[in-house]
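Structural overview for review
Residue strings, one per chain:
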Amino acid sequence: MVGPLFQSKNHDPAGRRIMGKENSLLLFYEKREHFADLVNGWIFGGESVISPQSLEKMDRRTVQRESRGGEVTNRYKDIVQRVDAAAIRVVIGTELQSYIDYLAPIRSMDYDLVAYREQIKEIREEHKEKKDLKRDEFLTDFGKNDKLTPVITLFLYMGDRKWDAAEDLHALLKWDRIPAKMRPFIENYRTHVLDVYHTTDRRLLEFPGDMGYMFLYLKHQKDKNALKAILEKYSAFRDLAWDVYETLAEYTDTPELLRLQKEKGGGKANMCEGLREWLADTRDEGKAIGYQLKVISMVCRKYEKGKSAELIAEEVEEPLETIQKICGIVSKYAPTYDVDRIYEELQGNVPCVIQ
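Since we're looking at a predicted model, the values are computed, not measured.

Time to look at the pattern of salt bridges. One pass over the structure, following the stated rule, counts 7 salt bridges. For Lys-31, the salt bridge goes to Asp-243, with nearest N and O atoms at 3.1 Å. Here Asp-243 lies in helix H8 (residues 242–251) and Lys-31 lies in the loop between helix H1 (21–29) and helix H2 (32–43), a separation of 212 residues in the sequence. Exposure remark for Asp-243: the relative accessible area of 16% places this residue in the buried category. Residue Glu-315 pairs with Lys-302 through a salt bridge whose shortest N-O separation is 2.8 Å. Of the two residues, Glu-315 is situated in helix H11 (residues 309–316) and Lys-302 in helix H10 (residues 271–304); the sequence distance between them amounts to 13 residues.

Let us look at the confidence of the model for the protein. With 74% of its residues at a pLDDT of 70 or more, the protein has an overall mean of 78. Low confidence marks residues 1–19, where pLDDT is under 50. Its contacts with residues over four positions away, or in another chain, come to 41 contacts. A low-confidence stretch, residues 62–70 (pLDDT under 50), is modelled with 21 contacts involving residues beyond four sequence positions or located in other chains.

With that settled, the discussion passes to the environment of His-198. Position of His-198 among the secondary structure elements: in the loop between strand S7 (193–195) and helix H5 (201–204). Separated by 41 residues in the primary sequence, His-198 and Tyr-157 place their C-alpha atoms 9.7 Å from one another. A distance of 3.0 Å separates polar atoms of two side chains, one belonging to His-198 and the other to Asp-195.

Where burial is concerned, most of strand S6 (residues 151–157) is hidden: 6 out of the 7 residues are buried. Of the strand pairs in this sheet, S6 and S7 are connected by 3 bridges, and their pairing is parallel. Following the sheet pairing, Phe-155 is matched in S7 by Val-193.

This part covers helix H13 (residues 339–346). Those residues of H13 that sit buried are Ile-342, Tyr-343 and Leu-346. Around the axis of H13, the buried residues are gathered within 100° of arc, so they sit on the same side. The outward face of H13, more than 90 degrees from its buried face, is lined by the exposed residues Asp-340 and Arg-341.

For the rest of this paragraph, the subject is the packing of aromatic side chains. Geometrically, a pair of aromatic rings is defined through the distance of the ring centres and the angle of the planes. According to the stated counting rule, one finds 8 aromatic pairs in the structure shown. When the ring of Phe-28 is compared with that of Tyr-29, the centres are 5.1 Å apart and the planes differ by 80°; the resulting orientation is edge-to-face. Looking at Tyr-29, the relative accessible area reads 2%, which means it is buried. Ring geometry for Trp-242 and Tyr-245: centres 5.3 Å apart, planes at 20°, overall stacked. Here Trp-242 and its partner Tyr-245 are both found in helix H8, 3 residues apart, which amounts to about one turn of the helix. What makes Tyr-245 buried here is its relative accessible area of 0%. Three or more aromatic residues link up through ring pairs in this structure, and these residues are Tyr-213, Tyr-217, Tyr-234 and Phe-237.

Before going further, it helps to examine the state of the cysteines. Counted according to the given criterion, the structure contains 0 disulfides. Free cysteine Cys-300: the closest other cysteine sulfur is in Cys-327, separated by 8.6 Å.

Looking now at the side chain of Thr-247. The residue Thr-247 is located in helix H8 in this model. Among all residues touching Thr-247, those that are not within four sequence positions of it are Ser-24, Leu-25, Phe-28 and Met-214.

Our next topic: a negative patch on the surface. Side chains of Glu-122, Glu-125, Glu-126 and Glu-129 sit close together on the surface and give a patch of like negative charge. Within the secondary structure, Glu-126 is located in helix H3 (residues 104–130). Overall, the relative accessible area of 47% leaves Glu-126 in the partly exposed class.

This next bit is on unusual backbone geometry. In this structure, Lys-131 takes a positive phi of about 55° despite not being glycine. Relative to the elements of secondary structure, Lys-131 occurs in the loop between H3 and helix H4 (135–140). One non-glycine residue, Asp-141, lies in the positive phi region at around 55°. Mapped onto the elements, Asp-141 comes out in the loop between H4 and S6.

What counts, and where the lines are drawn
Residues numbered from 1 in each chain as written. Predicted model: local features only at pLDDT ≥ 70, side-chain atom pairs only at ≥ 80, totals over all residues. Heavy atoms only, no water. Salt bridge = Lys/Arg side-chain N within 4 Å of Asp/Glu carboxyl O. Helix = DSSP H or I, 4+ residues; strand = E, 2+ residues; numbered from the N terminus. Buried < 20%, exposed > 50% of the residue type's maximum accessible area, 1.4 Å probe, protein only. pLDDT = per-residue confidence, 0-100. Contact = heavy atoms within 4.5 Å. Polar contact = N/O pair within 3.5 Å; in protein donor to acceptor, adjacent residues only side chain to side chain. Pairing = 2+ DSSP bridges. Arc of directions from axis to C-beta. Phe/Tyr/Trp six-rings, centres within 6.5 Å; stacked < 30°, edge-to-face > 60°. Disulfide = S-S within 2.5 Å. Patch = residues over 30% accessible without salt bridge, like charges linked within 9 Å, V, L, I, M, F, W, Y side chains within 5 Å. Areas by Shrake-Rupley, 256 points an atom, 1.4 Å probe, with all protein chains shown as cover. Lys, Arg positive; Asp, Glu negative; His and termini not counted. Charge placed at Lys NZ, Arg CZ, Asp CG, Glu CD.

This is how it looks when you write it as structure tokens:
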């Protein structure tokens, strides 16, 4: 006997809703230890410069009024953490991307500008409360010795296509009619992108902890031969942190990995073992679907000959209720029968199983 004939891909076998791919990664990187690993691998080449303890989660929403009396708009960053180290405060906002943004330099500049405006607003409010500014400082509500926290915007790109957008603002500008002496006065603005699927394996493995192996798995997830070789090559896949394993299963839309792989002692999980079991189940499922399509095809041929559902059920040795459901769909397609389409339409509508 095989499993249920049809099952929604948006739920795992226990009926739990599978969260969106982006949300699964956002929840993962909101954890301070993972965000620290991301930044240390991205900016510092794997060196442990930023510690999880130095991070402070910030509100992802920034509010801005477009003009005086204009509409107030909310702008969202995916993850924002504040870093305090050696009296240097850095705000790092990671933009999770699944598509190529050809206006990325403008977008990055806009995000950073909004962040600086928020800081200026806070400083001005402090001065108004203290009433400690005079002369020119009073006119701008900003002191001569006031400083802003540096802002860094990082684009984490997880798309299949290679990121080919402009790397800086200058690449978006028309230069053909700009005099050479004028060009130095036109400021530039760079973007910082990590194109995971098109970054070398060696570079990805510079990310500390399990993160490098996580990126490696995501990069090769669609190439089963490459994935198998990677899992065999790196023993770390046999001892992944559970939240890394869980995020990989959710992001790659393979909830079966969660069902098949039980959490190990110390919060670890074996990706190699889970993947082997999942691939075995996938092969079995493929055989089951093939058999079910064969049954539908037989029902179509017998229905075309005018046989009743009762007689068809007896001849194909399947439950009458199942055959009646199939015949009900088949009747809509007569005299042309599309087995695949009939199978798709039956999904979720057949309460029993084909044995």
